Amino acid sequence: MSKSVVIKGGTIVNRDSEIKSDVRIENGVIVEVAKNLKADVQLDASGCIVTSGFVDLHAHLREPGREEAETIETGSRAGALGGYTALVAMPNTDPPQDSIAVIDFVREQGKRAGLVDVVPSGCITLGRQGETLAPMAELAHAGVTLFTDDGVGVQNASLMRRALEYAKGLGVTLAQHCEVAELTEGAVMNECQCCTDLGLPGWPAIAEELMVFRDIELVRMTGASMHFLHLSTERSVELVRAAKRDGLPITAEVTPHHLSLTQELLGTYDPVFKVNPPLRSAQDIRALKAGLLDGTIDAIATDHAPHPRRDKEMSLDIAPPGMLGLETALGVVLGNSELEIKDVVALLSWNPARIARIDAEHGRPVAIGEPANICIFDPDLAWSVDLERLASKSINSPYVGRTLRGKIRHTLFKGTPTVIDGQAQK
Amino acid sequence: MKHLRSIDELGVDGLVALLQLTDHMAEINQRPVPKVPALRGRTVASLFFEDSTRTRLSFETAAKRLSADTMTFNVSTSSVNKGESLRDTVATITDMGVDAFVVRHKSVGIPWQISQWTKSSIINAGDGAHQHPTQALVDCYTIREATHESRFDGMQITIVGDIKHSRVARSNIQAFSMLGAKVTVVAPPTLLPPDLSHWPVQINHHLDEVIPTSDVLYMLRLQSERMSQGHVPTLREYSEQYGLTQKRVARLKDSAIVMHPGPMNRGVEMQIDPSDVKNSLIHRQVANGVSVRMAVLFELLGSGSSLGGQA
């Protein structure tokens, strides 16, 4: 039996309301929303927003296989500190998440850590090799709702068609990493003037857009539902906007870093800025933000990609792409968009919970009878990202040393505080 | 000046000063005993992660003529994960007491990364397709020597070949422009960077159009793997369009000079023996390599010491 907890003095933000009230939680459920509540544990929320815990559609937790970079436990802790109560675990583990055994292992490790719901995604193709379909029905019966080969796109159009047809029958969603591999061989950064100066092989926008276009048309043909991972270019946003106008069952996400950092940072020669898809232009950022404002983009997802220090001390061409995201997402989003708080919560919680089909437990209103997966954040608090304080096992955050505005104060997972006053509780 | 990693970093004043200093070094190299004690007690480490003959030898010769100690760290190009222990390698050599690293690496940006890990000076001897500043200094010095002009105002310099993958082109375009030259790049669009509209260059895809107006014709090496990558259909087609032939040499201005950074691909970009080209400066480029690198080493390491005296 967990202790009762009261969140005091915050502003509750739900879809259709914004009220100042205390919240009392017992046994993992919200039991009272009223003024002047008392309980065993009291969490001060004055000046803070009280809302549903965040849901990340895109976290690389690295376990099994690359525990040197991150474990499910350390990634879960980083998530809790970032206000998350659920993380969709990307399947590019070793072995990859293409079998019940690995899916179960990931889920069990998540439960053992007990800091967030770890929601394993499944591979579209066996071993993410892009050759034959993974046992999607088996995995779907084990509860997997989102399938992706993330890290690579499914290159073969015929196989992707079959995957969508098969997924439609199962009622699951495919999530695509859009990258036509032939166009990005050896690519390090966006193809742009800066890449011309640096003499680095370019990752042209069209490599993403061609696959976005192909998959939109395959969705139109098959009727299956599709989620686009980490869109990064202006034209991708336009393609998705038009597809949504046509009523296609498509959703899309962007990352905090693609909203805040540009290609010119590669001129520092620091591999921390190498990410896939690459950082793009200021013009692309404007288009992505417009996509957030008009609903073309449904979710902000971190693409949290830990790498050990020695991997990021290699040269730009050899260093693996990816950067941390879970602990900094809120601050980066609040500081780099003109979104209302309600829109931010929609993009970080309500919408991704629906896309991951975990909206019975996550992305719920803060109201009586609802599960207590809650985050409490101060939208105005400025804080500096300190390398020493990152909970992630890796330190490849591009925001180290920068000041962000907006910080998680408390996080509750199933009624239990996982973070109090910015400190992880276990 | 602490490092020499790019022409940008050097700036126009730094460039001109180094070219002037090179005159002194060239004079030393004319002496019966071409050696001075200027850098006695200093240590220069060559860190070559990519094959090189002339650049490495000319740096080592330059260091020795200034009486610096040298050490060489050669890494086989076949070893995998080349970048992996780079930081450890640099730390180890730094611990031995090194004043400057001369670095060549196939990866862009390595000289900048290394300068985060050591207090020693870094000289970029070529990083990927990015920069090769001492080659640009050599080429500027060579043109200066041949034309007796310290500024290149109004000079038409044509660079021909694989601009896209060339660090020599990137450094030279910057350096030639800084000295006032008008630079034209000539290549098929597949061998040009995707967007170079911000570079101070004219673009032409037809070598024959620019031959009669060029004061300097700078030929770049074409690597044969560009065919398999689909940049050019065949070497034969490339050399027909962009190779230096007897016919093209005949259409050059009498005063025009021909350059190549080496190593040459005979039968590809050079369809003619360079010794048959009247104003070929290719051998001067090699000869000047030592003087220029002496100037660079002295500039970076020789503060307070004089160039006078015998070793």
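Computed from a predicted model, the values in this text were never measured in an experiment. (Residues numbered from 1 in each chain as written. Chains lettered and ligands numbered in written order. Predicted model: local features only at pLDDT ≥ 70, side-chain atom pairs only at ≥ 80, totals over all residues.)

1. Observations regarding helix 7 (residues 234–245) of chain A
Residue and element names in this part refer to chain A. So the rule is basically this: Helix and strand definitions here come from DSSP, where helices need a minimum of 4 consecutive H or I residues and strands a minimum of 2 consecutive E residues; each element is numbered from the N-terminal end. Helix span, expected: 1.5 Å multiplied by one less than the number of residues in the helix. Counting other C-beta atoms within 10 Å of a residue's own tells you its class, since 20 or more makes it buried, 12 or fewer makes it exposed, and anything in between is partly exposed; those C-beta atoms are placed from the backbone. It is the C-beta atoms, placed from the backbone, that decide contacts: two residues are in contact if theirs lie within 7 Å.
Between its first and last C-alpha atoms helix 7 spans 17 Å; for 12 residues at 1.5 Å apiece the expected length is 16 Å, and the two agree. Buried residues of helix 7: Glu 234, Ser 236, Val 237, Leu 239, Val 240 and Ala 243, and no others. Its buried side turned inward, helix 7 meets helix 6 (205–222), strand 13 (226–228), strand 14 (250–254) and helix 9 (282–293). Gly 247 occupies a position one or two residues after helix 7 and carries a positive phi of about 80°.

2. Thoughts on the nonpolar core
The condition is simple: To form a nonpolar core, buried Ala, Val, Leu, Ile, Met, Phe, Trp, Tyr and Cys residues must be joined through C-beta atoms within 7 Å.
Judged by nonpolar contacts, the single largest core of 135 residues is most densely connected at Val 50, Leu 87, Phe 147 and Ile 376 of chain A. With 8 residues, the top contributor of residues to this core is helix 12 (residues 341–355) of chain A. Residues contacting Leu 87 of chain A, with those up to four places away along its chain left out, are Asp 56, Ala 59, Leu 61, Gly 75, Ser 76, Gly 79, Val 116, Val 118 and Val 119 of chain A. Core analysis: the second largest hydrophobic core is formed by 88 residues, Val 98, Ile 114, Ala 136 and Val 292 of chain B among them.

3. A few points about the interface of chain B and chain A
The partner chain A presents 15 residues to the 20 residues of chain B that form the contact. Every element with two or more residues in the side of chain B that touches chain A is listed here: helix 4 (110–117) and helix 6 (167–178) of chain B.

4. Here's the deal with the packing of helix 1 (residues 72–81) of chain A against helix 2 (residues 100–113) of chain A
Residues and elements named next belong to chain A. For clarity, the threshold we go by: For helices, the fitted axis covers only the stretch in contact; all axes are lines through C-alpha atoms, and the angles between them, taken along N-to-C directions, range from 0 to 180 degrees. Any angle from 65 to 115 degrees is called roughly perpendicular, while one under 35 is roughly parallel, one over 145 is roughly antiparallel, and all others are oblique. Left-handed describes a crossing whose near helix is turned anticlockwise from the far helix through less than a right angle; right-handed describes the clockwise counterpart. Nonpolar residues are Ala, Val, Leu, Ile, Met, Phe, Trp, Tyr, Cys and Pro. Charged residues are Asp, Glu, Lys and Arg, and all others, Gly as well, are polar.
Contact pair helix 1 / helix 2: the axes reach a minimum separation of 9 Å and the direction vectors enclose 60°. On the basis of the axis angle, helix 1 is oblique to helix 2. Here helix 1 and helix 2 pass one another in a crossing that is right-handed. Of the residues in helix 2, those in contact with Ile 72, Glu 73 and Ser 76 of helix 1 are Val 106, Gln 109, Gly 110 and Ala 113. Residue classes in the contact of helix 1 with helix 2 are distributed as 3 nonpolar, 3 polar and 1 charged.

5. Digging into the sheet that holds strand 4 (residues 121–127) of chain B
All names here are of chain B. Put simply, the rule reads: Paired strands, in this sense, are two strands between which DSSP finds at least two bridges.
One open sheet accounts for 4 strands, arranged 2-1-3-4; its pairing is parallel. Sheet topology places strand 2 (69–74) and strand 4 at the edges, where each strand pairs with a single neighbour. Taken pair by pair, the neighbouring strands of this sheet meet at an average axis angle of 15°, ignoring direction. Note that strand 1 (residues 43–48) and strand 3 (residues 100–105) share 5 bridges and pair parallel. For Phe 48, the partnering residue across the bridge sits in strand 3 and is Arg 104. Sheet strands touched by helix 4: strand 3 and strand 4. Its angle to strand 4, the strand with the most contacts, is close to 160°.

6. Looking at the domain arrangement of chain B
All names here are of chain B. Keep this limit in mind: The split of the chain into domains comes from an automatic or database domain assignment.
Here chain B is partitioned into domain 1 (7–132 + 288–301) and domain 2 (133–286). In this structure, domain 1 and domain 2 have C-alpha centres spaced 25 Å apart. Counting residues at the interface gives 23 residues for domain 1, matched by 24 residues for domain 2. Of all the elements in the fold, those that place two or more residues in the side of domain 1 that touches domain 2 are helix 1 (7–30), strand 4 and helix 11 (282–301). Here the side of domain 1 that touches domain 2 gets 8 residues from one element, more than from any other, and that element is helix 1. Residues that form the side of domain 1 that touches domain 2 fall into these classes: 10 nonpolar, 9 polar and 4 charged.

7. A few points about the pairing of strand 16 (residues 374–384) of chain A
Every other side chain in a regular strand lies on the same face of the sheet, so the side chains alternate between the two faces. Here 4 bridges tie strand 5 (residues 49–52) of chain A to strand 16 of chain A, and the two strands are oriented antiparallel to one another. Bridge pairing in strand 16 of chain A places Val 50 of chain A opposite Ile 376 of chain A.

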